[in-house]
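# Coordinate inspection notes
The residues making up each chain are set out below.
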There are 2 protein chains.
Amino acid sequence: MADDAQPHPTLAQLWDARFGEPPPAGLPETVPPALARILSRRTMRRLKPDPVPDGLLSLLLACAQSAPAKSDLQQYSILVVKDPARRAVIAGWLPAQPWVTEAPVFLVFLGDMRRARRMGELRGRPNANDNVDSFMNAAVDAALAMETFLLASEAAGLGCCCISMIRNRIDDAAALLGLPDGVFPIAGFCLGWPAAEGRVSMRLPPAAVVHVDRYDDSRLPELVEAYDRRRHARAPVAPASQRHADRYGVADYCPWSENAARQLSIPERAGFRDFLQRHGIALA
Amino acid sequence: MADDAQPHPTLAQLWDARFGEPPPAGLPETVPPALARILSRRTMRRLKPDPVPDGLLSLLLACAQSAPAKSDLQQYSILVVKDPARRAVIAGWLPAQPWVTEAPVFLVFLGDMRRARRMGELRGRPNANDNVDSFMNAAVDAALAMETFLLASEAAGLGCCCISMIRNRIDDAAALLGLPDGVFPIAGFCLGWPAAEGRVSMRLPPAAVVHVDRYDDSRLPELVEAYDRRRHARAPVAPASQRHADRYGVADYCPWSENAARQLSIPERAGFRDFLQRHGIALA
């Protein structure tokens, strides 16, 4: 359905929007609609208040459960926050993200190491995997389900926005949502019908992300320099979005790499490890 | 293209294959083709030797880069292993997974904390985020890209199989693929044209995975008991797939929860934390 509703951009248009460059030689001339939809996908923060029918939401959640899962253990859960009082509390934590209030549907995707542990308890087997590997498996399972939910939603014409900022209030979130030991959020998630066009986020050039045979980032400085300039020319980082301006100031030219370097220069969520350990995730 | 090639199963058929149950009331009667494709998706281990054109692969990799990324930091890389000698070494590590040899394309999806750190070095900013939060962000970014690559590939008619077992040889893999500090694999990935139908993996019932307002798994034992029986009736765990049969024996009835409990009772990849710490990922 959404396939038909989409315009049919050319490969050159798709590549330009995603990478700010012409496509390399040798690509297929016609792009299948499902791939064109992914190539032109965008985060949607402005959503209409119109409801998402419960039946459609159930279908999208079933799509999420169709994602692959490490060893078939399915180590994730999905929380649908319907209660207006809980929604208001979460929105209150994120005043800079009004779309958390406005989205008709708000979800939280959770890594879940608890369920499989309970299987062990029910069957009298010890849990010998309270380790980083198992933690990563649960986080990855949750991400695979979240991305499948996102792409299914977009295929149905909906718009999505992931909210990792919910982890800035992780203790409060765990209390509000009743998260037991072994369960941790990877992100909140806004879902609704798009109220605006949104904007395709320009990505690093494939040469900076895709490696052949051996990891090789020897050309990274020049690739990022050119990417910074392309991105800045199309969509400069607004003063309000420049990270830690109180420390580093507002710059006329604050490209992607500068903003990334600023962000990583100040600890974010340094208490996450402590949270996990207090919540039954030892990271051994 | 692939949309048209698919048969059009009914919602009842889709739900039965995925959950072994009839769908709940209130779901849309017609399922959009893109969602039907996701609901009936399956891991494809048997792949034809026919090549995947380079241009199509580039298009799919561009789709992967269209996934959302935490704070736009794009903390992942994708490695395409083309060199037959390297492919053979990897296949040699995984003799029980012959599809690693047979797949015409083999990739490794990598969490990448190095790239953003290099941005900091280039711009003279410290890295203050060598912590678990940042590690999880990189793992999640890699998983979002991998799942987008997977769903785009399946939409183009290809088959996929994720290979997390590559992490069982993580030191060897890091050496073979030249992974520098800050870069770690989340999974290998086989891609090719399907040589068999594959089988839809039956999932836990939505009631066991989806929670409303508060995490609540009070009904888990009964839900899993019923799920175990449905799965066993349709596709029992074969003796060769029963985990740690040397310790626990081969059972006539070894349902999902028993196999999960067995798997978690023996440490897997307990050296992952040590690997990460030796590779510049402190997990503070």
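Residues numbered from 1 in each chain as written. Chains lettered and ligands numbered in written order. Predicted model: local features only at pLDDT ≥ 70, side-chain atom pairs only at ≥ 80, totals over all residues. Heavy atoms only, no water.

## Quick word on the packing of aromatic side chains
For the structure shown, the criterion picks out 16 aromatic pairs over all chains. Here Phe 272 of chain B and Phe 275 of chain B contribute two aromatic rings whose centre-to-centre distance is 6.5 Å and whose plane-to-plane angle is 5 degrees, an arrangement assigned as stacked. A residue pair is termed a helical-turn pair when its members lie 3 or 4 positions apart in one helix, as Phe 272 of chain B and Phe 275 of chain B do in helix H14 (residues 272-278) at three residues. Of the two residues, Phe 272 of chain B and Phe 275 of chain B, both sit in the buried class. Grouping aromatic residues by their ring pairs yields a cluster made of Phe 135, Phe 184, Phe 272 and Phe 275 of chain A. Its end group placed over the ring of Tyr 248 of chain B, Arg 125 of chain A keeps NZ or CZ at 4.0 Å from the ring centre. (Phe/Tyr/Trp six-rings, centres within 6.5 Å; stacked < 30°, edge-to-face > 60°. Helix = DSSP H or I, 4+ residues; strand = E, 2+ residues; numbered from the N terminus. Buried < 20%, exposed > 50% of the residue type's maximum accessible area, 1.4 Å probe, protein only. Lys NZ or Arg CZ within 6 Å of the ring centre and 35° of its normal.)

## Let's talk about the domain arrangement of chain A
By domain assignment, chain A separates into domain 1 (1-42), domain 2 (54-198) and domain 3 (203-267). Just the C-alpha atoms count here: the centres of domain 2 of chain A and domain 3 of chain A sit 28 Å apart. (Domains from an automatic or database assignment.)

## Overview of the sheet that holds strand S5 (residues 210-212) of chain B
Strands sit in the order S3(A)-S4(A)-S2(A)-S1(A)-S5(B) across an open sheet of five strands; the sheet is mixed. Each end of this open sheet is capped by a strand with a single partner; those strands are strand S3 (159-163) of chain A together with S5 of chain B. Between one strand axis and the next, the sheet turns through 25 degrees on average, direction left out of account. One ladder, built from eight bridges, connects strand S2 (residues 105-112) of chain A with strand S4 (residues 183-192) of chain A; its direction is antiparallel. When the sheet's bridge partners are listed, Val 105 of chain A is paired in S4 of chain A with Leu 191 of chain A. Contacts between helix H8 (residues 132-155) of chain A and the sheet are confined to strand S1 (76-80), S2, S3 and S4 of chain A, with S4 of chain A contributing the most and set at about 5 degrees to the helix. (Pairing = 2+ DSSP bridges. Axes fitted to C-alpha atoms, helices over the stretch in contact; angles between N-to-C directions. Contact = heavy atoms within 4.5 Å.)

## A few points about the relation of the copies chain A and chain B
With an RMSD of 0.0 Å, chain A superimposes on chain B once it is rotated by 180 degrees and translated 0.0 Å along the axis. Expressed as an axis order, the relation between the two copies is that of a two-fold axis. Of all interface residues in chain A, 100% are interface residues in chain B too; the two copies therefore contact each other through one and the same surface. (Least-squares fit on C-alpha atoms with pLDDT ≥ 70 in both.)

## What to know about the pattern of salt bridges
What the rule picks out here adds up to 45 salt bridges over all chains. As a salt-bridge pair, Asp 217 of chain B and Arg 118 of chain A come within 3.1 Å of each other at their nearest N and O atoms. Taken together, the residues span two chains, with Asp 217 of chain B in the loop between S5 and helix H11 (220-234) and Arg 118 of chain A in helix H7 (residues 114-122). On the accessibility criterion, Asp 217 of chain B (10% relative accessible area) is buried. We note a salt bridge from Arg 278 of chain B to Asp 274 of chain B, for which the minimum N-O separation is 3.1 Å. Pair noted here: Arg 278 of chain B and Asp 274 of chain B are both in helix H14, with a separation of four residues, about one helical turn. Overall, Arg 278 of chain B belongs to the partly exposed group, its relative accessible area being 43%. Relative accessible area serves as the criterion here: at 42%, Asp 274 of chain B is assigned to the partly exposed category. (Salt bridge = Lys/Arg side-chain N within 4 Å of Asp/Glu carboxyl O.)

## A short note on the nonpolar core
In terms of nonpolar packing, the biggest core is built from 188 residues, with Phe 135, Phe 184 and Ile 186 of chain A together with Phe 135, Phe 184 and Ile 186 of chain B touching the most fellow members. Once you skip the residues sitting within four places of it in the chain, Ile 186 of chain A turns out to touch Phe 109, Leu 110, Gly 111, Ala 139, Ala 142, Ala 143, Met 146, Ser 164 and Arg 167 of chain A together with Met 136 and Val 140 of chain B. (Core = buried A, V, L, I, M, F, W, Y, C linked by side-chain atoms within 4.5 Å.)

## Focus on the packing of helix H4 (residues 54-64) of chain B against helix H8 (residues 132-155) of chain B
Residue and element names in this part refer to chain B. Running from N to C, H4 and H8 cross one another at 135 degrees; their axes reach a closest spacing of 7 Å. By the criterion of interaxial angle, the relationship of H4 to H8 is oblique. Both H4 and H8 take part in a crossing whose hand is right-handed. For the pair H4 and H8, the contacting residues are Leu 57, Leu 60, Leu 61, Cys 63 and Ala 64 in the first and Ala 145, Thr 148, Phe 149, Ala 152 and Ser 153 in the second. Here the residues of the contact of H4 with H8 sort into eight nonpolar, two polar and no charged. (Parallel < 35°, antiparallel > 145°, perpendicular 65-115°, else oblique. Left-handed = near helix turned anticlockwise from the far one by under 90°. Nonpolar A, V, L, I, M, F, W, Y, C, P; charged D, E, K, R; others polar.)

## Considerations on helix H2 (residues 11-19) of chain A
Every α-helix winds through 3.6 residues per turn, so residues three or four apart in the chain are directed the same way. Those residues of H2 of chain A that sit buried are Leu 11, Leu 14, Trp 15, Arg 18 and Phe 19 of chain A. One face of H2 of chain A carries all of its buried residues, which in axial projection span an arc of 95 degrees. Each element contacted by the buried residues of H2 of chain A is listed here: helix H3 (33-39), helix H10 (206-209) and helix H11 (220-234) of chain A together with H4 of chain B. Looking one or two places after H2 of chain A, you find Gly 20 of chain A, whose phi comes out positive at around 70 degrees. (Arc of directions from axis to C-beta.)

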